[in-house]
Amino acid sequence: MTNFNQAIAKLTGQLYHNGNQAERAICTRKFIDHHFDMPIPLDKIAHAVHCSKFHLNREFKRHYGITPSQYLKDQRILEAKKLLSGNSSVSSACYTVGYDSLSTFSMLFRQWTGSSPSDYKKARMNK
Amino acid sequence: MTLRCDAEFYGKLNRPKMKITVTSVMVNDQAKALKFYTELLGFQKKRDIPLGDDSWLTVVSSEQPDGVELLLEPAKFEPSRVYQKALFDADIPCMIFSVDNIQKEYERLSGLGIKFSMQPTQMGIASLAVFDDTCGNKIQIAQTL
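Overview of the structure. On a predicted model such as this, the values are computed, not experimentally measured, just so you know.

Quick word on the sheet that holds strand β5 (residues 95–98) of chain B
Argument step 1. If you walk across this open sheet you meet the 4 strands as β5-β8-β7-β6 (chain B), and the pairing is mixed. The sheet is open, and its two edges are formed by β5 and β6 (116–123) of chain B, each paired on a single side. Each neighbouring strand pair of the sheet contributes to a mean axis angle of 20 degrees, computed without reference to strand direction.
Argument step 2. Here 7 bridges tie strand β7 (residues 126–132) of chain B to strand β8 (residues 138–144) of chain B, and the two strands are oriented antiparallel to one another. Paired with serine 127 of chain B across the strands is glutamine 143 of chain B, a residue of β8 of chain B.
Argument step 3. Contacting β6, β7 and β8 of chain B, helix α1 (residues 3–15) of chain A crosses the sheet at an angle of about 5 degrees to β6 of chain B.

With respect to the pattern of salt bridges
Argument step 1. Taken as a whole and assessed by the stated rule, the structure comprises 13 salt bridges over all chains.
Argument step 2. The salt bridge involving glutamate 39 of chain B is made with lysine 35 of chain B; its shortest N-O contact spans 3.2 Å. Here glutamate 39 of chain B and its partner lysine 35 of chain B are both found in helix α2 (residues 30–40), 4 residues apart, which amounts to about one turn of the helix.
Argument step 3. Lysine 35 of chain B sits in the partly exposed class, given a relative accessible area of 49%.
Argument step 4. With a closest N to O distance of 3.6 Å, aspartate 48 of chain B and lysine 45 of chain B form a salt bridge.
Argument step 5. What makes aspartate 48 of chain B partly exposed here is its relative accessible area of 39%.
Argument step 6. Taken together, the shared-partner salt bridges in this structure form one network comprising Arg124 of chain A together with Lys46 and Asp66 of chain B.

A short note on the nonpolar core
Residue and element names in this part refer to chain B.
Argument step 1. Membership of the largest hydrophobic core comes to 25 residues, with the highest contact counts inside it found for Tyr37, Leu72, Phe97 and Phe131.
Argument step 2. When residues of this core are traced back to their parent elements, those giving at least two are β1 (22–27), α2, β3 (54–60), β4 (69–74), β5, α4 (102–111), β7 and β8.
Argument step 3. In terms of residue count, α2 provides more of this core than any other element does, 4 residues in total.

Some details on the sheet that holds β1 of chain B
Residue and element names in this part refer to chain B.
Argument step 1. Reading across from one edge, β1-β4-β3-β2 is the order of the 4 strands in this open sheet, with mixed pairing throughout. Since the sheet does not close on itself, it has two edges, and those belong to β1 and β2 (44–51), each with one partner. Averaged over neighbouring strand pairs, the angle between their axes works out to 25 degrees when direction is ignored.
Argument step 2. Bridge analysis of β1 against β4 gives 6 bridges, and the strand direction is parallel.

Section: the packing of helix α5 (residues 68–85) of chain A against helix α7 (residues 102–113) of chain A
Residues and elements named next belong to chain A.
Argument step 1. At a closest axis distance of 10 Å, the pairing of α5 and α7 adopts a crossing angle of 90 degrees. Taken together, the axis directions place α5 and α7 in an arrangement best described as roughly perpendicular. Each of Lys73, Asp74, Ile77, Leu78, Ala80, Lys81 and Leu84 in α5 lies in contact with α7, whose residues at this interface are Phe105, Leu108, Phe109, Gln111, Trp112 and Thr113.
Argument step 2. For the contact of α5 with α7, the residue count by class is 8 nonpolar, 2 polar and 3 charged.

Quick word on the interface of chain B and chain A
Argument step 1. Counting residues at the interface gives 17 residues for chain B and 18 residues for chain A.
Argument step 2. Here chain B packs against chain A, burying approximately 1400 Å² in sum over the two surfaces, 66% of which is carbon and sulfur.
Argument step 3. The three residues of chain B that bury the most area against chain A are Met123, Ile125 and Leu145 of chain B, which together make up 38% of that side's buried surface.
Argument step 4. Summed over the shared surface of chain B and chain A, the number is 1 salt bridge.
Argument step 5. On the surface where chain B and chain A come into contact, there are 4 residue pairs in polar contact (both at pLDDT 80 or more).
Argument step 6. Where the side of chain B that touches chain A is concerned, the elements lending two or more residues are β6, β7 and β8 of chain B.
Argument step 7. The leading source of residues in the side of chain B that touches chain A is β6 of chain B, at 4 residues.

Scoring rules and cut-offs
Residues numbered from 1 in each chain as written. Chains lettered and ligands numbered in written order. Predicted model: local features only at pLDDT ≥ 70, side-chain atom pairs only at ≥ 80, totals over all residues. Heavy atoms only, no water. Pairing = 2+ DSSP bridges. Helix = DSSP H or I, 4+ residues; strand = E, 2+ residues; numbered from the N terminus. Axes fitted to C-alpha atoms, helices over the stretch in contact; angles between N-to-C directions. Contact = heavy atoms within 4.5 Å. Salt bridge = Lys/Arg side-chain N within 4 Å of Asp/Glu carboxyl O. Buried < 20%, exposed > 50% of the residue type's maximum accessible area, 1.4 Å probe, protein only. Core = buried A, V, L, I, M, F, W, Y, C linked by side-chain atoms within 4.5 Å. Parallel < 35°, antiparallel > 145°, perpendicular 65-115°, else oblique. Nonpolar A, V, L, I, M, F, W, Y, C, P; charged D, E, K, R; others polar. Buried area = accessible area lost by both parts, 1.4 Å probe. Polar contact = N/O pair within 3.5 Å; in protein donor to acceptor, adjacent residues only side chain to side chain.

If you want it as structure tokens, here you go:
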């Protein structure tokens, strides 16, 4: 076993000795991946994995470095970028990825990408 | 002059936005590295600009042709070669690539003769593996679970 392998094994033992917690975070991520275009009821996911939503929030952040709501936002904007690079209009992309407000979508999109959805679409079309 | 590092001060500055567009990996042979990174790993050549004896040679992920470019940088500066060898000898990866399915990628690359110093190993919410890029580096592939 190499030094690197030993270091990974040691860290895994120290940080992830409770495999259930990692599994809970992984399940939550997969759920978000499959349902990001719908309202995500964090309390229902928490109930399904047998913990409180506050605990789930903490566990998710400890494992992935961001909260479930941040991850959800990231997935929605990533999908919106794909849609805007294709034939989707800004409003269609907004509703398809699960937002019901164009202004919220535009604000979050700008925060994430640095440009508005329409500017992003124009730039992609000009490429 | 004292360097200010408080967020409030920097938040007021009208700074240009910086982007990460290029990162690099030192290689002991650019031609060999290009073959390895394109034909075996599946990257695409993006730029090949002659610069004296070498080239500004970059590859990109075929999944993200407009994404960050990886510069295959000739390891000609002696201290950089010492650093590269020290990492290699300690099996420490100098670069991480993400993959969708690490087991499948491990089997594909192993089948092509690539040597792994770490087989797919779960660490919390990630699965990691490390291989030799034959250009002087250990490379880690990772799948977020």
